[in-house]
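A look at the structure
Residues per chain are reported as follows:
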Amino acid sequence: MGIFNFFSKEKKETLDKGLEKSKSGIFEKLSRAVIGKSTVDEEVLDELEEILISSDVGVDTTIKIIRRIEKRVAEDKYTSVEELDTILREETAALLEENNSQDVQNSFETDNLPKPYVLMVVGVNGVGKTTTIGKLAYNFQKNGKKVVLGAADTFRAAAVDQLKLWGSRVGVEVIDHGMNTDPSSVAYDAVKEGVAQNADVIIIDTAGRLHTKVNLMNELGKIKRVMQKVLPEAPHEVMLVLDGSTGQNATIQAREFTKVTEINSLAITKLDGTAKGGVVIGISDEFKIPVKYIGIGEKMDDLQVFNKMEFVDSLFKKEA
């Protein structure tokens, strides 16, 4: 099995199912590209390049993958088209392994983290930010951790109510001041309450309005400064949530957010039901920021800890 070393058969099956649309789209196109071909030639590689770009892997990352495959094929001029999916998997996995940060082994475990661990979540409206926070709270709690949520996305209609609903479903406390209130004061109270309750994790939901970069930068900066009055090292992590089903738009959002605030982790949602799953590979390669979680379904457990080897295997492995 080599570099593809899976830790849970059940989770791998869920991942395979979640990436079904992306995978079938790739292999339908790949099958057409190799009809009548016995070896991987320049024409096949040109077709593969188009397939990867159309699957939202991104131009720069696609070119890197194609160059690696070209080198491999040049070493063995009789590489069969039957081997193409294996080479594609291995070279994509090797690229991500070489140039990217390490995968998180179990990011629902906090024993080696500061207590309380403050996680600030950012992202534009509609990407599944609040739902991701709810699922994070569920998974941390399932691991025996005490969680407090802060409803600091105070300007989006129903955002506070949505987070309170998740808090109620999961059974965690949500600190809120209602709609149209100062987000930084909510964050301050949430951190204060988390410290008082000896919480393991405090998750702060923030506004996702890319109205102007300056306003967003100022708002996120203020939230950080106010939290630091309670806990000087807060936030320990700033996570950007992106909607994978938007393909290259998710990449554009990542570029915009990394310009205005320091992002140390990514969560990519809504990968089930879309053919744009390749975007995860492009984002993982371009930003060198750990993709920590991927959303591959509606259920609480469908927010998975990301493992790049598993992901590449699920996306590019042809069924027997």
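Everything numeric in this text was worked out from a predicted model, so none of it was measured. (Residues numbered from 1 in each chain as written. Predicted model: local features only at pLDDT ≥ 70, side-chain atom pairs only at ≥ 80, totals over all residues. Heavy atoms only, no water.)

Let us look at the sheet that holds strand β2 (residues 147-152). Read from one edge of the open sheet, 8 strands run β3-β2-β4-β1-β5-β6-β7-β8, paired in mixed fashion. Edge positions in the sheet fall to β3 (173-175) and β8 (303-305), since each has one partner strand and no second. Within the sheet, the average angular offset between the axes of one strand and its neighbour, ignoring direction, is 25 degrees. The pairing of strand β6 (residues 265-269) with strand β7 (residues 291-295) spans 3 bridges and is classified as parallel. Residue pairing across strands places leucine 266 opposite valine 291, the latter belonging to β7. (Pairing = 2+ DSSP bridges. Helix = DSSP H or I, 4+ residues; strand = E, 2+ residues; numbered from the N terminus. Axes fitted to C-alpha atoms, helices over the stretch in contact; angles between N-to-C directions.)

This next bit is on the pattern of salt bridges. Within this structure, the stated rule accounts for 27 salt bridges. The salt bridge partner of glutamate 43 is lysine 37, with a shortest N-O separation of 2.9 Å. Note that aspartate 243 and lysine 270 form a salt bridge whose closest N and O atoms lie 3.7 Å from each other. Here the residue aspartate 243 occupies a position in strand β5 (residues 237-243), and lysine 270 occupies one in the loop between β6 and α11 (279-287), the gap between them amounting to 27 residues. You can call aspartate 243 buried: its relative accessible area is 8%. Judged by its relative accessible area of 33%, lysine 270 is partly exposed. The network of salt bridges with shared partners includes Arg68, Arg72, Glu90, Glu91 and Glu98. (Salt bridge = Lys/Arg side-chain N within 4 Å of Asp/Glu carboxyl O. Buried < 20%, exposed > 50% of the residue type's maximum accessible area, 1.4 Å probe, protein only.)

For lysine 23, the position within the fold is in helix α2 (residues 20-33). Judged by relative accessible area, lysine 23 falls into the buried class, the value being 10%. In this view, lysine 23 contacts Ser314, Leu315, Lys317 and Glu319; residues no more than four positions away in its chain are not counted. (Contact = heavy atoms within 4.5 Å.)

Across its 12 residues, helix α7 (residues 159-170) extends 17 Å between first and last C-alpha, which sits within 8% of the 16 Å expected from 1.5 Å per residue. On its buried side, α7 packs onto α6 (129-142), β2, β3 and β4 (201-206). Where α7 ends, the next residue or the one after it, glycine 171, has phi of about 85 degrees, a positive value. (Expected span 1.5 Å × (residues − 1).)

Our focus in this paragraph is a negative patch on the surface. A contiguous patch of negative charge, built from Glu42, Asp46, Glu47, Glu50 and Glu70, is present on the exposed surface. Broken down by element, the residue count for the negative patch peaks at 4 residues, all from helix α3 (residues 42-54). Locating aspartate 46 in the fold gives a position in helix α3. A relative accessible area of 43% places aspartate 46 in the partly exposed class. (Patch = residues over 30% accessible without salt bridge, like charges linked within 9 Å, V, L, I, M, F, W, Y side chains within 5 Å. Areas by Shrake-Rupley, 256 points an atom, 1.4 Å probe, with all protein chains shown as cover. Lys, Arg positive; Asp, Glu negative; His and termini not counted. Charge placed at Lys NZ, Arg CZ, Asp CG, Glu CD.)

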